[in-house]
Amino acid sequence: MTAEPPASIPASLSAIGRHKALERLWGTPPGWGALSAVNHSTIGRRFLITSFVFFLIGGVLAMLIRAQLAGPETDFLDAAAYAQVFTMHGTVMMFLFAIPAIEGLALYMLPKLMGARDLAFPRLSAFGYWCYLFGGSILILALLAGVAPDSGWFMYTPLSSKPYSPGINSDVWLIGVTFVEVSAVCAAVEFMTTVLKIRTGGMALHRMPIMVWYLWVTAAMMLFGFPPLILGSVLLELERAFDWPFFDPTRGGSPLLWQHLFWLFGHPEVYIIFLPGAGIISTILPVFTGQKLVGYAWIVVALIALGFISFGIWAHHMFTTGIPHLSLAFFSAASTLVVIPTAVQIFAWLATLLSGRPRITLSMLYFYGFLSTFVIGGLTGVMVAVVPFDWQAHDTHFIVAHLHYVLMGGFVFPVLAGIYYWLPHFSGRKHLEGLGRTAFALIMIGFNAAFLPMHLTGLLGMPRRVFTYGGEMGWDLLNLISSVAGFVLAIGFALVLVDVIQVARFGRRTRRNPWGASTLEWGMPTPPPAYNIGSQPHVASRDPLEDDPDLPAALARGEGYLGQPRNGWRETLSVHMLSGEPDQVVLLPGPTLIPLWTALATGLFFVSFLLKLYPLSGLAFILVVICGWRWMWASGLRTDAPPVDIGLGRTAPLHPTAVDPPTLWGMVFTLMANGVFFGALVFGYLFLWVVAPNWPPPALLAREPVTPLLVIAGLAVGLAAVWRASRANAEGRLADSRSWLLASAAAGAVIAGGALAVPLFTAPAPNSHAYGAAVTFISGYVAFHGVIAAILGAYAWARSRDGWISAQRAVEFSALRLWWLYLGATGLISLALLHGPAWMS
């Protein structure tokens with residue numbers, strides 16, 4: 001946000017006056033102004049409500065599937081309609097419900113759990129929501145228009161390639177899901193930065209609530225898991241749009257490349273969904289047993305290990321594709337290894353349960369439902385990790401049953417437990433458990449009666465993805481039971497919806513912290529105000545409300561950090577990553593339409609690409625750059641500012657003058673995600689080189705030194721210019737600094753030109769062979785980053801000229817150095833990949 005040097009802190013306001021002042025600062029404008037909301041509570045609620053709307057849509061699609069499979073030779077849906085319904089059911093549940101529900105939960109809860117007032121980048125949260133809404137809407141509108149994707153939610157090639165899917169059905173999936181994935185990557189960057197930097201005072205890493213650890217590891221997995229799928233989606237769309245044969249084996253491509261890229265995302269996705277659910281369980285179990293969580297440190301280590309292991313077993317889903325036997329042995333062993341960190345968590349929960357005195361609430365009923373169903377799903381997971389068994393069961397309904405036991409047991413049941421646990425916090429109202437217990441009974445009975453028989457139909461040979469079957473196969477009764485039970489399950493979920501709505505609208509008011517919990521979100525008024533907490537505490541343990549039962553009242557009186565509003569600033573603390581000691585005050589932006597305009601420009605880019613209006617997509621990209629420039633321009637201070645009083649006898653600098661502001665960490669995590677994308681690109685290039693037919697191709701790049709030398713020269717000049725500009729700025733020589741910034745911008749343009757010269761003049765045509773397509777794509781990647789480097793150099797020059805940068809306020813230089821270091825590393829690797837074979841030959 002734009003701010004001026006701090007004025008003196010006003011005299012203490014009354015409690016009511018302070019509340020009104022904070023509410024004015026942090027609230028969302030009424031009416032159409034709500035479109036400009038950036039407050040994390042508002043955006044989190046939007047994510048949650050939208051994700052559950054998509055869940056209802058996915059549930060309706062599931063009912064259509066079960067109606068079709070209820071009996072043999074049913075003609076309720078034809079093959080084409082069934083393919084769309086089946087594909088959209090999986091797509092909606094995985095991409096439009098599960099991941100966004102996690103994002104919504106984290107958006108809403110993270111600041112509250114950590115005693116903060118908002119996330120690190122509120123506008124990024126709002127942008128992510130609009131991307132999610134627009135991308136999901138593309139998919140649903142396509143379903144209503146009869147052109148929904150129909151190649152399965154995993155979009156295996158060649159089924160999703162142009163010869164087998166000539167319409168826009170597959171393009172809808174690739175465009176819509178990629179749009180949604182932009183939202184997920186934004187959320188990952190947001191959560192990673194927030195957990196590390198935006199906590200209340202004293203909250204060292206070992207004092208963070210266990211739910212925060214779960215959400216942070218989930219965010220890390222999202223950061224590293226989504227880029228490979230984004231890359232695969234981009235490559236497949238380029239193949240469909242321009243005939244670049246990345247997946248065509250007749251021209252040097254390989255359909256297995258898509259499976260590798262998809263499952264590099266898809267298997268971590270299972271644990272991305274499971275870990276937040278496990279975090280909810282680890283949060284509510286101590287509350288309802290009266291016993292502190294057993295094995296806090298062991299659980300943290302286990303979930304970090306689970307995150308690492310999950311990335312090493314993606315080929316667990318590819319046992320039947322003909323990969324080498326050594327790979328089968330490795331991935332089979334690794335798939336069983338993942339049981340260990342999961343078991344650590346389960347035994348910690350059991351120990352907590354056995355050492356306490358459980359209260360049988362609705363949340364605990366869903367805990368028991370989670371434990372039983374997830375253990376069954378885990379055991380069948382061990383079964384399919386054994387290669388000979390997987391060969392027999394892989395393409396059958398046994399896998400459908402296993403998948404639903406893992407996802408329903410590992411995510412939906414914990415989410416329902418969390419809904420009933422935090423419902424008094426969300427609404428400030430108390431629920432009566434009669435209707436909720438009826439819903440629980442219907443859900444448990446309906447779920448198990450629907451999916452337990454599928455294990456048997458799978459073992460009897462019923463394949464997945466078939467829209468009908470013959471009466472002589474012996475699957476009739478089992479399918480009928482599954483279909484009837486599926487409708488019972490749907491009724492149970494409908495009752496949960498009715499129950500939540502009637503509690504939110506008509507429930508009796510409840511006191512704060514009705515469960516007697518000890519974490520900070522229950523130290524706030526319920527429902528919480530827009531600013532969350534009257535002042536931020538300094539905590540000394542993981543259970544601050546247990547340590548000091550009077551803490552909520554003291555914080556409401558402003559007796560913590562940042563208790564007095566000033567200068568119209570939205571302030572929250574930033575802390576040292578390890579110790580949790582306050583190290584700066586972050587000034588957060590207020591309501592703005594910039595995220596919406598940026599999302600609309602991004603949506604125009606995707607939609608114009610979907611409709612083959614490629615010139616319009618180029619214009620849309622320019623609009624995105626303009627919006628991004630305007631977005632960044634409105635951040636920071638235009639004059640140097642001294643440290644400010646933060647309360648409790650301490651002072652801290654404002655974040656534009658701090659050494660490591662959250663903005664810098666946001667750039668670090670963005671480049672990490674970018675690096676994973678590049679790493680997946682390198683993997684794909686080398687995979688095709690080693691495995692695909694017709695490699696090496698008939699014509700490598702010409703052995704010419706000009707292009708690589710041009711890029712190398714641009715990298716050297718750009719890195720040197722940024723270093724010199726940063727040094728001149730630190731010494732107060734602003735004119736020299738701006739000259740070097742212009743030199744860095746010119747160097748970025750030179751790199752872009754040198755990289756684009758490769759596909760234009762020396763590489764084989766990209767539609768002739770996968771090698772030519774790969775060379776063109778890698779060259780385009782380097783050129784794109786050169787263009788961004790040029791834009792960032794010009795942006796820093798303009799900011800310096802306009803007074804936004806000084807020796808004390810120099811975060812732009814830190815970010816620019818990081819970008820150039822990344823560009824240097826990826827540029828040199830790209831040159832080695834593209835030109836090394838030609839020179840070696």
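Quantities reported herein were computed from a predicted structural model and do not represent experimental measurements.

Rules behind the numbers
Residues numbered from 1 in each chain as written. Predicted model: local features only at pLDDT ≥ 70, side-chain atom pairs only at ≥ 80, totals over all residues. Heavy atoms only, no water. Helix = DSSP H or I, 4+ residues; strand = E, 2+ residues; numbered from the N terminus. Expected span 1.5 Å × (residues − 1). Buried < 20%, exposed > 50% of the residue type's maximum accessible area, 1.4 Å probe, protein only. Contact = heavy atoms within 4.5 Å. Core = buried A, V, L, I, M, F, W, Y, C linked by side-chain atoms within 4.5 Å. Salt bridge = Lys/Arg side-chain N within 4 Å of Asp/Glu carboxyl O. Patch = residues over 30% accessible without salt bridge, like charges linked within 9 Å, V, L, I, M, F, W, Y side chains within 5 Å. Areas by Shrake-Rupley, 256 points an atom, 1.4 Å probe, with all protein chains shown as cover. Pairing = 2+ DSSP bridges. Phe/Tyr/Trp six-rings, centres within 6.5 Å; stacked < 30°, edge-to-face > 60°. Lys NZ or Arg CZ within 6 Å of the ring centre and 35° of its normal.

Trainee: I keep staring at helix H19 (residues 614–633) and nothing clicks. Help me out?
Mentor: Counting along an α-helix, one turn takes 3.6 residues, and residues three or four places apart therefore face a common direction. The end-to-end C-alpha separation of H19 is 29 Å, in line with the 28 Å expected for 20 residues at 1.5 Å each. Those residues of H19 not exposed but buried are Ser617, Ala620, Cys627, Trp631 and Trp633. Looking at the packing, one finds that the buried side of H19 touches helix H4 (122–144), helix H18 (594–610) and helix H23 (770–801).

Trainee: What am I meant to see in the nonpolar core here?
Mentor: The nonpolar side chains of a soluble globular protein tend to be buried, and buried together. Core analysis: the biggest nonpolar cluster contains 253 residues, and Trp258, Trp349 and Tyr366 have the highest contact counts within it. Per-element accounting of this core gives the leading share, 21 residues, to helix H3 (residues 79–113). If near-sequence neighbours (up to four positions away) are discounted, Trp258 is found in contact with Phe154, Met155, Tyr156, Thr157, Trp173, Leu174, Leu229, Gly232, Ser233, Leu236 and Phe247. Within the second largest apolar cluster, twelve residues are counted, among which are Leu562, Leu573, Leu587 and Leu654.

Trainee: Which parts of the structure should I look at to understand the pattern of salt bridges?
Mentor: Pairing between side chains of opposite charge can happen when their charged atoms approach one another. Inspection of the entire model under this criterion finds 21 salt bridges. Note that Lys197 and Asp660 form a salt bridge whose closest N and O atoms lie 3.3 Å from each other. Of this pair, Lys197 sits in helix H5 (residues 169–197) while Asp660 sits in the loop between strand S8 (650–652) and helix H20 (662–691), and the two are 463 residues apart along the sequence. Note that Glu559 and Arg557 form a salt bridge whose closest N and O atoms lie 2.8 Å from each other. For Glu559, a relative accessible area of 46% corresponds to the partly exposed category. Here the salt bridges do not stand alone but share partners, grouping Asp171, Glu237, Arg240 and Lys612 into one network.

Trainee: Got a minute to help me understand a nonpolar patch on the surface in this structure?
Mentor: Taken together, the side chains of Leu604, Val607, Leu611, Leu613, Leu616, Leu619, Phe621, Ile622, Leu623, Ile626 and Phe784 define a hydrophobic patch exposed on the protein surface, amounting to about 880 Å² of accessible area. Where the nonpolar patch is concerned, the elements lending two or more residues are H18 and H19. Broken down by element, the nonpolar patch gets its largest block of residues, six residues, from H19. Locating Leu613 in the fold gives a position in the loop between H18 and H19.

Trainee: Mind showing me how you'd approach the pairing of strand S5 (residues 582–588) here?
Mentor: A regular strand places its side chains so that they alternate between the two faces of the sheet. In terms of burial, S5 is a largely internal element, six of the seven residues being buried. Judged from the six bridges that link them, strand S4 (residues 570–575) and S5 form a sheet pairing that is antiparallel. Bridging from a neighbouring strand, Thr572 pairs with Val586 of S5. Where S4 hands over to S5, the hairpin turn is made up of six residues, of which Gly580 adopts a positive phi near 80°.

Trainee: What's the story with the packing of aromatic side chains in this structure? I'm lost.
Mentor: The geometry of an aromatic ring pair is captured by two quantities: the separation of the ring centres and the angle between the planes. This model, assessed by the stated rule, comprises 70 aromatic pairs. Here Lys112 stacks its cationic end above the ring of Tyr108, 4.0 Å away from the centre of that ring. Sitting over the face of the ring of Tyr296, Arg542 holds its NZ or CZ atom 3.6 Å from the ring centroid.

Trainee: I keep staring at the environment of Val60 and nothing clicks. Help me out?
Mentor: Relative to the helices and strands, Val60 is located in helix H2 (residues 40–69). According to the relative accessible area criterion, Val60 is exposed, its value standing at 52%. Sequence separation between Val60 and His89 is 29 residues; the distance between their C-alpha atoms is 8.6 Å.

Interpretation note: all reported values are geometric properties and have no functional meaning in isolation.
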